Amino acid sequence: MKCVDDFRLVLGGKEYVPIVIGGMGVDISTAKLALEAARLGGIGHISDAMYMDVSDRYFNTDYTETKATQYKKYIPLHDKTDVLFDLAMVAEATKRQVADVMERKRGDGLIFINCMEKLTMNAARDTLRTRLTSAMDAGIDGITLAAGLHQNTLRLIEDHSRFRDVKIGIIVSSHRALQIFLRRNAKLKRLPDYVVVEGPLAGGHLGFGLDWANYDLRTIVREVNAYQEKEGLSIPVIAGGGIFTGADAVSFLEDGASAVQVATRFAVTRESGLPDHVKQEYFKASEDDIEVNMASPTGYPMRMLKNSPALSVGLRPNCEAFGYMLDKGTCPYLEEYYKAVDAGADTSFMVKTQKTCLCTHMRNHYVWTCGHYAYRLKDTTHKLADGSYLLPSAEHVFKDYQFSKDGKIALPELPVPPYIVK
Ligand SMILES: Cc1cc2nc3c(=O)[nH]c(=O)nc-3n(C[C@H](O)[C@H](O)[C@H](O)COP(=O)(O)O)c2cc1C
């Protein structure tokens, strides 16, 4: 019986442990987590979601406050068209954070950045171009294009000196999405270096409708590889979504994937950016506590714990400070909010709508998004005497994926006695 360590992902002629920790915004896949993956010879992602705000937390900057002050007069106005990010600040924040993580990188692995097209930031092209070029300027190893078809994204960066040297990958959920991406970019003569095929059991936003249960990752991976064979292509495929054990990973590696992308098990590690009490909610979850809903204003379904505060707490949108979801001055949450207000809803009770205010709630860790198998997390660690679960280290989870066999999951070591295990 094989383990993941018997395989290698080859990118640009170099070999890597075929484990990729997926991007998890907002700052759940922290620099610390990505650095561990790289140190252990795999690939870690940071995410550029709400980078200005994340920067304020780590680097003592005040981008969010500055923006909020600048646009204060727009608070009562429905139209936020003029509430724009300062591109110089976006560039500065991105460069600072990427340079910091790249300086701290040790080991033979790589650090990629997850860039979501749906993070429109009220000037979709300009902000995306700025984020991508700044990350390349600051030395990022690779860019994973996420949450969108990215039909025109490569053109935004084709003049950058690193366009052909930085690794570029795209996340797709069907071979058709890959086909569209390749056709749209054929003239650039720059194929992606890898394709992440994300199935319906993943965390975060899903590239499926609410009929997600009719699809399965293995079939899509095979379809993508069959399509590649037909076209004479051999772009490494990274399979993700519901790969919970080393044995799950091996089965995909034997079935034509070059690596796996995993996230949920790392969301509860010590290095993840979720607050510890939220990690405990993930451990406690049962299968019935997880749902796929349409609360995200992106229009994509999202999987989350049903008790995510974002699903019950309505609030006044805060686009002046954040506004990461704005597109041409509005956002589906904003529209619903104002409709409710115009219909006489009492704002002093913070209007509750069908959609959720993703910026504010993600920033406050009130959206507890997770993969389908989050309910199995409790089987990956010890339950302690006080009823809480021991948080594993990222190294432990990484090595469990890398070396485990037979579907077994190694429990983390209890660090200091006396730890009383239930
Ligand atoms: C907490 C969490 C947040 C996520 N956020 C993002 C994100 O910001 N962008 C993205 O492309 N994918 C996101 N994902 C998807 C992961 O990167 C990954 O592809 C997927 O969850 C892998 O499946 P698994 O969680 O079952 O291992 C997120 C997943 C989780 C669990």
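Residues numbered from 1 in each chain as written. Predicted model: local features only at pLDDT ≥ 70, side-chain atom pairs only at ≥ 80, totals over all residues.

Engineer: Any details on the overall build of the protein chain? Residues and values, ideally.
Structural biologist: Secondary structure summary: the protein chain contains 14 helices and 13 strands in total. For the protein chain, whose C-alpha radius of gyration is 21 Å, the value lies close to the compact-globule estimate of 22 Å for 422 residues. In terms of its C-alpha atoms, the protein chain occupies a principal-axis envelope of roughly 65 × 60 × 45 Å. Taken over 422 residues, the protein chain has a buried fraction of 50%. Taking the contacts inside the protein chain whose residues are at least 6 apart along the sequence as the reference set, 74% of them involve residues at least 24 apart. (Helix = DSSP H or I, 4+ residues; strand = E, 2+ residues; numbered from the N terminus. Rg over C-alpha atoms; globule rule 2.2 N^0.38 Å. Buried ≥ 20, exposed ≤ 12 C-beta atoms within 10 Å, placed from the backbone. Contact = placed C-beta atoms within 7 Å.)

Engineer: Could you give an account of the site of the ligand, naming the residues involved and the relevant values?
Structural biologist: Not every one of the 30 residues close to the ligand is listed here, only the nearest: G22, A146, G203, G204 and G371. When residues of the shell around the ligand are traced back to their parent elements, those giving at least two are β5 (110-116), β11 (259-262) and α10 (264-267). The class makeup of the residues in the shell around the ligand is 15 nonpolar, 14 polar and one charged. (Near = placed C-beta within 6 Å. Nonpolar A, V, L, I, M, F, W, Y, C, P; charged D, E, K, R; others polar.)

Engineer: Talk me through the environment of Y373; I want residue IDs and the actual numbers.
Structural biologist: Considering the arrangement of structural elements, one finds Y373 in the loop between α13 (358-363) and α14 (394-403). Those residues in contact with Y373, other than ones at most four positions away along the chain, are L201, G242, F244 and T264.

Engineer: Residues and numbers for the packing of helix α1 (residues 31-39) against α14, please.
Structural biologist: Two numbers describe how α1 lies on α14: the axes approach to 10 Å, and their chain directions differ by 40°. Regarding the angle of α1 to α14, the classification is oblique. For the crossing formed where α1 meets α14, the hand is right-handed. Contact residues: L33, E36 and A37 in α1; A394, E395 and F398 in α14. (Axes fitted to C-alpha atoms, helices over the stretch in contact; angles between N-to-C directions. Parallel < 35°, antiparallel > 145°, perpendicular 65-115°, else oblique. Left-handed = near helix turned anticlockwise from the far one by under 90°.)

Engineer: Lay out the sheet that holds strand β6 (residues 142-146) in plain terms, naming residues and giving numbers.
Structural biologist: In space, the eight strands of this closed barrel follow the order β3-β4-β5-β6-β7-β8-β10-β11, with parallel pairing throughout. Each strand of the sheet is rotated relative to its neighbour by a mean of 25°, with strand direction disregarded. Pairing of strand β10 (residues 237-240) with β11 involves three bridges; the strand directions are parallel. Of the residues in β11, the one forming a bridge with A239 is V260. Along the sheet, α1 makes contact with β3 (19-21), β4 (43-47) and β5, crossing β4 at roughly 165°. (Pairing = 2+ DSSP bridges.)

Engineer: Hey, could you go over helix α12 (residues 332-342) for me, with residue numbers and the actual values?
Structural biologist: For α12, the full list of buried residues reads Y333, L334, E336 and Y337. Down the axis of α12, the buried side of the element spans an arc of 165°, and every buried residue falls inside it. Those residues of α12 that are exposed and aimed more than 90 degrees away from the buried face are K339 and D342. (Arc of directions from axis to C-beta.)

Engineer: Run through the sheet that holds strand β12 (residues 290-293), naming residues and quoting values.
Structural biologist: Across a sheet, strands are paired by hydrogen bonds formed along the backbone, either parallel or antiparallel in direction. Strand order in this open sheet of three strands is β9-β13-β12, and the pairing throughout is antiparallel. The sheet terminates laterally at β9 (204-205) and β12, the two strands that pair on one side only.

Engineer: Break down the pairing of strand β13 (residues 302-305) for me, citing the residues and quoting the values.
Structural biologist: Side-chain alternation along β13 places M302 and M304 on one buried face and R303 and L305 on a second face that is also buried. Sheet analysis places β9 next to β13, joined by two bridges and oriented antiparallel. Bridge pairing links H205 to M302 in β13. Here four bridges tie β12 to β13, and the two strands are oriented antiparallel to one another. Paired with V292 across the bridge in β13 is R303.

Engineer: How would you summarise the environment of D56 if you had to cite specific residues and measurements?
Structural biologist: By the secondary structure assignment, D56 is in helix α2 (residues 51-59). Along the backbone, D56 and L154 are 98 residues apart, and their C-alpha atoms lie at a distance of 29 Å.

Engineer: Please set out unusual backbone geometry residue by residue, giving values where relevant.
Structural biologist: It is generally the case that most residues other than glycine have a negative phi and that most peptide bonds are trans. Cis geometry is adopted by the peptide bond preceding V26, which originates at G25 and carries an omega value of -5°. For V26, the position within the fold is in the loop between β3 and α1. Despite not being glycine, M50 shows a phi value in the positive range, around 55°. Along the chain, M50 falls in the loop between β4 and α2.

Engineer: Describe the pairing of strand β7 (residues 167-172), listing the residues and the values that go with them.
Structural biologist: Most of β7 is tucked away: five of the six residues are buried. Inspection of the sheet shows β7 paired to strand β8 (residues 194-198) by four bridges, in the parallel sense. Opposite I170, over in β8, you have V195 as the bridge partner. Crossover connection from β7 via helix α7 (residues 175-184) to parallel β8: handedness right-handed. (Right-handed = clockwise from strand over helix to strand, strands pointing away.)

Engineer: Would you mind going over the packing of α7 against helix α8 (residues 217-231) in detail, with residue names and values included?
Structural biologist: A pair of packed helices is captured by two measures, namely the crossing angle of their axes and the spacing between those axes. It is at 9 Å that the axes of α7 and α8 come closest, and there the two elements cross at 40°. Comparing the axis directions of α7 and α8 gives the class oblique. In this structure, α7 contributes H175, L178 and Q179 to the contact, and α8 contributes E223, V224 and Y227.

Engineer: Break down the nonpolar core for me, with residues and values.
Structural biologist: Across soluble globular proteins, nonpolar side chains have a tendency to be buried as a group. Core analysis: the biggest nonpolar cluster contains 123 residues, and V197, I238 and V260 have the highest contact counts within it. Setting aside anything within four residues of it in sequence, one finds V197 in contact with V172, L217, I220, V221, V224, V237, I238 and A239. (Core = buried A, V, L, I, M, F, W, Y, C linked by C-beta atoms within 7 Å.)

Engineer: Residue-level account of α1, with values.
Structural biologist: For α1, the tally of buried residues reaches seven of nine residues, placing the bulk of the element in the interior. Among all positions in α1, only A31, L33, A34, L35, E36, A37 and A38 are buried. Summarising the contacts, the buried residues of α1 are in contact with β3, β4, α4 (87-104), β5, α10 and α14. Among the residues trailing α1, G41 stands out with phi positive, at a value near 95°.

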